[in-house]
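Fold and contact review
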Amino acid sequence: MFVNLPVADLKTSVDFFTALGFEFDPKFTDENATAITVGENAVVMLLVKGFFQGFTKKEITDARASTETIIAVSADSREDVDDLVDKALASGGSASNEPMEGPGMYGRSFQDPDGHLWEVVYMDIEAMDGLRDDG
């Protein structure tokens, strides 16, 4: 899956996501775009706004003012959730919602420098399965 996001300044976005520990695919990187590998079959393409505009006839939404999507990534533990979100906040991201916590689940969110919303979620599948088995 490829998710495409418009960005105002590609270098600022690359610096931000590099600080979070993400890697980029050089095959999909040039002055107009880069590809963040977020999973085995998941890539987030960061496209400079002018280049992004070439793929749509619609107006590009200002993600600081309105929301069209929320990108969610999974983490292996609660600590990994906190680590990634804390890195985002320390690297120029901004806080989004309050932490989410429920049986078998923990998540936090942040906004990247362009205002796109990101959620980082840990799910303890065994704990969630136990809830379904008991209920």
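The text that follows walks through the structure, step by step, so that each part is easy to find. Just so it is clear, the model here is predicted, and its values are computed rather than measured.

The next point concerns the overall build of the chain. Regarding its fold elements, the chain presents four helices and nine strands. Taking the principal axes of the C-alpha coordinates as reference, the chain spans close to 50 × 30 × 30 Å. Going through the 135 residues of the chain one by one, you find that 37% of them count as buried. In the chain, the proportion of contacts linking residues at least 24 apart, taken out of those at least 6 apart, comes to 51%. Accessible area for the chain stands at about 8,300 Å²; split by element, carbon and sulfur atoms hold 50% of it. Distance between charge centres in the chain, computed from 10 positive and 26 negative side chains, equals 7 Å.

If you walk across this open sheet you meet the four strands as β1-β4-β3-β2, and the pairing is mixed. Because the sheet does not close on itself, it has two edges, and the strands there are β1 (2-7) and β2 (23-24). Relative to strand β4 (residues 42-48), β1 runs parallel, the two being bridged by six bridges. Looking at β4, one finds that Leu5 is bridged to Leu46. In this fold helix α1 (residues 10-19) packs onto β1, β2, β3 (33-39) and β4, with an angle of close to 20 degrees to the strand it touches most, β3.

A full pass over the atoms with the stated rule returns seven aromatic pairs. Look at Phe2 and Phe28: their rings are 5.8 Å apart centre to centre, the planes differ by 70 degrees, and that puts the pair in the edge-to-face class. A residue pair is termed long-range when its members are at least 10 positions apart, and Phe2 in strand β1 and Phe28 in the loop between β2 and β3 qualify at 26 residues. Given the relative accessible area of 46%, Phe2 is considered partly exposed. Relative accessible area serves as the criterion here: at 39%, Phe28 is assigned to the partly exposed category. Where Phe17 meets Phe22, the ring centres are 6.1 Å apart and the plane angle is 70 degrees; that geometry is what we call edge-to-face. For Phe17, a relative accessible area of 1% corresponds to the buried category. An aromatic cluster is defined as three or more aromatic residues linked by ring pairs; in this entry it consists of Phe16, Phe17, Phe22, Phe110 and Trp118. The ring centre of Tyr106 lies 4.0 Å from the NZ or CZ of Arg78, which sits over that ring.

Here the focus is the pairing of strand β9 (residues 117-123). Within β9, six of the seven residues are buried, which leaves it mostly tucked inside the rest of the structure. Pairing analysis gives seven bridges linking strand β8 (residues 105-111) to β9, with the strands arranged antiparallel. The residue bridging Phe110 from the neighbouring strand is Trp118, located in β9. Once β8 ends, the chain turns through five residues before running back antiparallel as β9, passing Gly115 with a positive phi of about 90 degrees.

Procedures and definitions
- Residues numbered from 1 in each chain as written.
- Predicted model: local features only at pLDDT ≥ 70, side-chain atom pairs only at ≥ 80, totals over all residues.
- Heavy atoms only, no water.
- Helix = DSSP H or I, 4+ residues; strand = E, 2+ residues; numbered from the N terminus.
- Buried < 20%, exposed > 50% of the residue type's maximum accessible area, 1.4 Å probe, protein only.
- Contact = heavy atoms within 4.5 Å.
- Areas by Shrake-Rupley, 256 points an atom, 1.4 Å probe, with all protein chains shown as cover.
- Lys, Arg positive; Asp, Glu negative; His and termini not counted.
- Charge placed at Lys NZ, Arg CZ, Asp CG, Glu CD.
- Pairing = 2+ DSSP bridges.
- Axes fitted to C-alpha atoms, helices over the stretch in contact; angles between N-to-C directions.
- Phe/Tyr/Trp six-rings, centres within 6.5 Å; stacked < 30°, edge-to-face > 60°.
- Lys NZ or Arg CZ within 6 Å of the ring centre and 35° of its normal.

This is a description of form; function is not addressed.
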